[in-house]
Amino acid sequence: MRILSGLQPTGRLHLGNYFGMMQPALQLQHQGEALYFIADYHSLTSLHDAAVLRENVRNLAIDFLACGLDPEKAIFFRQSSVPEHTELAWILSCVTPMPMLENCTSFKDKVAHGFVPNHGLFAYPVLMAADILIYDSDLVPVGKDQKQHLEVTRDIASKMNATFGEGTLKVPKPMIREATAIVPGLDGQKMSKSYGNIIGLFEEEAALKKKIMRIVTDATPVEAPKPTEGSLILQMYRLVTTDEEYNALVADFQKGGAGYGDFKKRLFEKTWAFFAEAREKREAILSQKGYVEDVLHQGAAKARAYAQQTLSRVRLAVGLD
Ligand code: ADP
Ligand code: TRP
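These numbers were taken from a predicted model, which means no experiment stands behind them.

K.L.:
What exactly am I supposed to notice about the overall build of the protein chain here?
P.N.:
Along its length, the protein chain carries 14 helices and five strands. Taken over the C-alpha atoms alone, the protein chain extends approximately 75 × 45 × 35 Å along its principal axes. For the protein chain, the separation between the mean place of its 36 positive charges and that of its 38 negative charges on side chains is 1 Å.

K.L.:
What is the right way to look at the site of ligand 1 in this model?
P.N.:
Around ligand 1 there are 18 residues in total, and His14, Asp145, Val183, Ser192 and Lys193 lie nearest to it. The contact in question runs from a nitrogen atom of ligand 1 to an N or O atom on the backbone of Gly16, over 3.2 Å. The contact in question runs from a nitrogen atom of ligand 1 to an N or O atom on the backbone of Met191, over 2.9 Å. Protein contacts shield 91% of the accessible area of ligand 1, which totals 540 Å² for the unbound molecule. In terms of residue count, helix H1 (residues 15-28) provides more of the shell around ligand 1 than any other element does, four residues in total. For the shell around ligand 1, the residue count by class is seven nonpolar, eight polar and three charged.

K.L.:
Hey, could you run me through the site of ligand 2 in this one?
P.N.:
In the region of ligand 2, 14 residues are neighbours, and Gln8, Tyr124, Met128, Asp131 and Gln146 sit closest. For ligand 2, a nitrogen atom lies 3.1 Å from a polar atom in the side chain of Gln146. By residue number, the principal contributor to the shell around ligand 2 is helix H7 (residues 119-133), which donates four residues. For the shell around ligand 2, a count of residues per class yields eight nonpolar, five polar and one charged.

Cut-offs applied
Residues numbered from 1 in each chain as written. Chains lettered and ligands numbered in written order. Predicted model: local features only at pLDDT ≥ 70, side-chain atom pairs only at ≥ 80, totals over all residues. Heavy atoms only, no water. Helix = DSSP H or I, 4+ residues; strand = E, 2+ residues; numbered from the N terminus. Lys, Arg positive; Asp, Glu negative; His and termini not counted. Charge placed at Lys NZ, Arg CZ, Asp CG, Glu CD. Near = heavy atom within 4 Å. Polar contact = N/O pair within 3.5 Å; in protein donor to acceptor, adjacent residues only side chain to side chain. Areas by Shrake-Rupley, 256 points an atom, 1.4 Å probe, with all protein chains shown as cover. Nonpolar A, V, L, I, M, F, W, Y, C, P; charged D, E, K, R; others polar.

What follows is the structure, given as structure tokens:
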């Protein structure tokens, strides 16, 4: 089984990225052949600063490895090291109906949040389809916000097969965990860099505490039982604790007699502890000069060999060879 996913290097990772995409991806690296990449071509749709892009790529690589990506198990690489993605994207563009892209909500949503509507941003689902289809991927672990892009990918693959012959491309399956499909941010909207409501994975201790203290709550008095339905504290607590610990906090919510400040302190402690191992690993990676570059270099060579096989098949099917 081939598993594939990508993350854009547009800023530091947050809890939404971790629980929506990285945790499932990390679990899956033991269950098949996983390919995970840094989607730097994608980030060019909105990031136009060479130094920042380089810095983001490096940080993303370090952070993903620190969280447990095992380069012995998964192929980890930078998208632009495999330029075949863009050639396949062009071929796919030529069978992609305009309305399919016009219907994509992420483009409209990004433009509504101030992104410049350039052609790359509009065509981005086609590049994403190429990323997936070029590896004959079976499974694509992503957060819920990427679901529509996976439907587009499946539609484009089917269109290619109908046009150029069955078997030209493999139609992949999405994998979205309903439990953590959308991680809420400090304000209750989806946690996202664009909304300024994120909790980073590698925040300093004091900064993390300060952020958690900012989580929006209601005005229930200290002595009264607190509503559990819709509580952001509980939703986040569930992600970083066992069922038993979670149930204990639910019981304390229902009992009353403690304020939201106390609950937030407990959430802070569990969140800090949850990432302790990753923080240590991060330090170890930073002390090994050249390690990250080597991992990405070796990953790119393996990925490129796979990508070239698929592209040869497609070039033949469409008549370019
Ligand atoms: P952002 O919204 O902060 O720009 P990205 O769009 O770069 O995040 O998302 C990268 C990956 O993380 C995607 O697979 C996406 O589905 C997942 N993801 C991002 N935010 C969340 C969230 N709040 N809940 C669940 N998954 C998320
Ligand atoms: N579009 C994804 C995001 O914004 C990143 C991405 C690019 C991706 N190509 C992909 C994810 C292929 C999964 C598979 O998060």
